[in-house]
Amino acid sequence: RPRRMVVVRAEAINPDIKKDEAKVVDSVVVTELSKPLTAYCRCWRSGTFPLCDGSHVKHNKATGDNVGPLLLKKQ
Ligand code: FES
């Protein structure tokens, strides 16, 4: 079976959403969460995906992008 070749280039993944902000972070308030705050990755680079592990910081520095996690906050 042939191996699939994956080419990863350092480029922004966000073409035009909130580009005037240093980092795009959105929050959703929910009433039933086991933890007070849970961050979900939206940069697709987390080693703990779907949870954010802070890898977006390195990606943003390397590419000039401004992606950040989705934060779920317990109310
Ligand atoms: Fe992907 Fe934080 S690691 S948004």
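What counts, and at which threshold
Residues numbered from 1 in each chain as written. Predicted model: local features only at pLDDT ≥ 70, side-chain atom pairs only at ≥ 80, totals over all residues. Heavy atoms only, no water. Pairing = 2+ DSSP bridges. Helix = DSSP H or I, 4+ residues; strand = E, 2+ residues; numbered from the N terminus. Axes fitted to C-alpha atoms, helices over the stretch in contact; angles between N-to-C directions. Salt bridge = Lys/Arg side-chain N within 4 Å of Asp/Glu carboxyl O. Buried < 20%, exposed > 50% of the residue type's maximum accessible area, 1.4 Å probe, protein only. 1 Å grid on protein atoms, 1.4 Å probe; cavity = no way out; pocket = protein on both sides within 12 Å on 5 of 7 lines; lining within 4 Å. Points joined across faces, edges and corners; volume = space filled by probe spheres on them. Nonpolar A, V, L, I, M, F, W, Y, C, P; charged D, E, K, R; others polar.

Chemist: When you look at the sheet that holds strand S3 (residues 67-74) in this model, what are you seeing that I'm missing?
Modeler: Two modes of strand pairing occur in sheets, parallel and antiparallel, and in both the strands are linked by backbone hydrogen bonds. If you walk across this open sheet you meet the three strands as S1-S3-S2, and the pairing is mixed. Of all strands in the sheet, those bounded by a partner on one side alone are strand S1 (24-30) and strand S2 (37-40). Neighbour to neighbour, the strand axes of the sheet diverge by 20° on average, direction disregarded.

Chemist: Mind showing me how you'd approach the pattern of salt bridges here?
Modeler: Two side chains with opposite charge may pair up if their charged atoms get near one another. If you walk through the whole model with that rule in mind, you get three salt bridges. Asp-26 serves as the salt-bridge partner of Lys-18, at 2.9 Å between the closest nitrogen and oxygen. In this structure Asp-26 comes out as partly exposed when scored by relative accessible area, which is 26%. Salt bridges linked by common partners bring Lys-18, Asp-26 and Arg-42 together as one network.

Chemist: Looking at this structure, I do not really get empty space enclosed by the protein. What am I missing?
Modeler: Remark: the empty space left among the atoms is shown by a probe the size of a water molecule rolled over them. Under the definition given, this model contains one cavity of 30 Å³ or more. Volume-wise, the largest cavity comes out at about 40 Å³. If you go around the largest cavity, the residues you meet are Cys-41, Arg-42, Cys-43, Cys-52, His-56, Val-67, Gly-68 and Pro-69. Here the lining of the largest cavity gets three residues from one element, more than from any other, and that element is S3. Here the residues of the lining of the largest cavity are counted per class, giving five nonpolar, two polar and one charged.

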